[in-house]
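What follows is the residue order along each chain.
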Amino acid sequence: IAETIKILNDDDALELFKKTLPSPSLLQLKVGAKVVRERAMAALKAASKRSDPRMDLVMLALAGRGNTFEKVLKMIDEMVTLLGKEQGDDDAKKQYCESALDKAEDEKKVLEQSLSDLEKSIADAKEGIATLTEEIAALLAGIKALDKSVAEATETRKA
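Residues numbered from 1 in each chain as written. Predicted model: local features only at pLDDT ≥ 70, side-chain atom pairs only at ≥ 80, totals over all residues. Heavy atoms only, no water.

K.L.:
Is there a simple way to think about the overall build of the chain in this case?
P.N.:
A tally of helices and strands in the chain yields 5 helices and 0 strands. Sequence-ordered secondary structure for the chain, helices as α and strands as β, is α-α-α-α-α. Roughly 15,100 Å² of accessible area belongs to the chain as shown, and the carbon and sulfur atoms make up 62% of that amount. (Helix = DSSP H or I, 4+ residues; strand = E, 2+ residues; numbered from the N terminus. Areas by Shrake-Rupley, 256 points an atom, 1.4 Å probe, with all protein chains shown as cover.)

Structural data, given as structure tokens:
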């Protein structure tokens, strides 16, 4: 291909081209869709030395008279549009879920901190109860000892 382009771009090719055509304009022919389809079928038949399902599908589509894939292409376009919309919805839902998850994790941390604080308060209260129980027991023992000494003093005074 590169050699062909080089030859066509050469000055000699330009001179030959100018001599061949009387005017610099090119003649454009109108070719119908039927002719183009027939040429494409001929090229595909010539190129299909081995069986390729994709080539068979293209030849089948070209052989179909007027039966085109317009409906299928329209359905595919609609499906792509629908999938794009659903992807947008999914992205929004994902963002909402992630924010809700972050909020729930924050609330969990707050509740765990509150739980830890309450457990510390309970431990402190139990320690306070134990201390007060010991003090009450010591005071009761002191009261019994005082009662005993008062009883002894009363007996000593009576005697």
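K.L.:
How do you make sense of the pattern of salt bridges when you look at a structure like this?
P.N.:
Two side chains that carry opposite charge are able to pair once their charged atoms sit near each other. For the coordinates displayed, the defined rule picks out 2 salt bridges. Between K85 and D89 there is a salt bridge, and its shortest N-O distance comes to 3.6 Å. Residue K85 and its partner D89 are located together in helix 5 (residues 70–158), separated by 4 residues, close to a single helical turn. Since its relative accessible area comes to 54%, K85 is described here as exposed. Measuring nitrogen to oxygen at the nearest pair gives 4.0 Å for the salt bridge that ties K108 to E112. Note that K108 and E112 are positioned in helix 5 at a spacing of 4 residues, about one turn of the helix. With relative accessibility at 44%, the residue E112 sits in the partly exposed group. (Salt bridge = Lys/Arg side-chain N within 4 Å of Asp/Glu carboxyl O. Buried < 20%, exposed > 50% of the residue type's maximum accessible area, 1.4 Å probe, protein only.)

K.L.:
What exactly am I supposed to notice about a negative patch on the surface here?
P.N.:
On the surface, a cluster of negative charge is made up of E98, D102, E105, D106 and E107. Its location among the elements puts E105 in helix 5. When its relative accessible area of 43% is taken as the criterion, E105 is described as partly exposed. (Patch = residues over 30% accessible without salt bridge, like charges linked within 9 Å, V, L, I, M, F, W, Y side chains within 5 Å. Lys, Arg positive; Asp, Glu negative; His and termini not counted. Charge placed at Lys NZ, Arg CZ, Asp CG, Glu CD.)

K.L.:
Just to check I follow, could you spell out the confidence of the model for the chain for this structure?
P.N.:
Low-pLDDT portions of the prediction should not be read for the details of their coordinates. Per-residue confidence for the chain gives a mean pLDDT of 82, with 82% of residues at or over 70. The element-level mean pLDDT for the chain is lowest in helix 2 (residues 11–20), coming to 70, with helix 5 highest at 93. (pLDDT = per-residue confidence, 0-100.)

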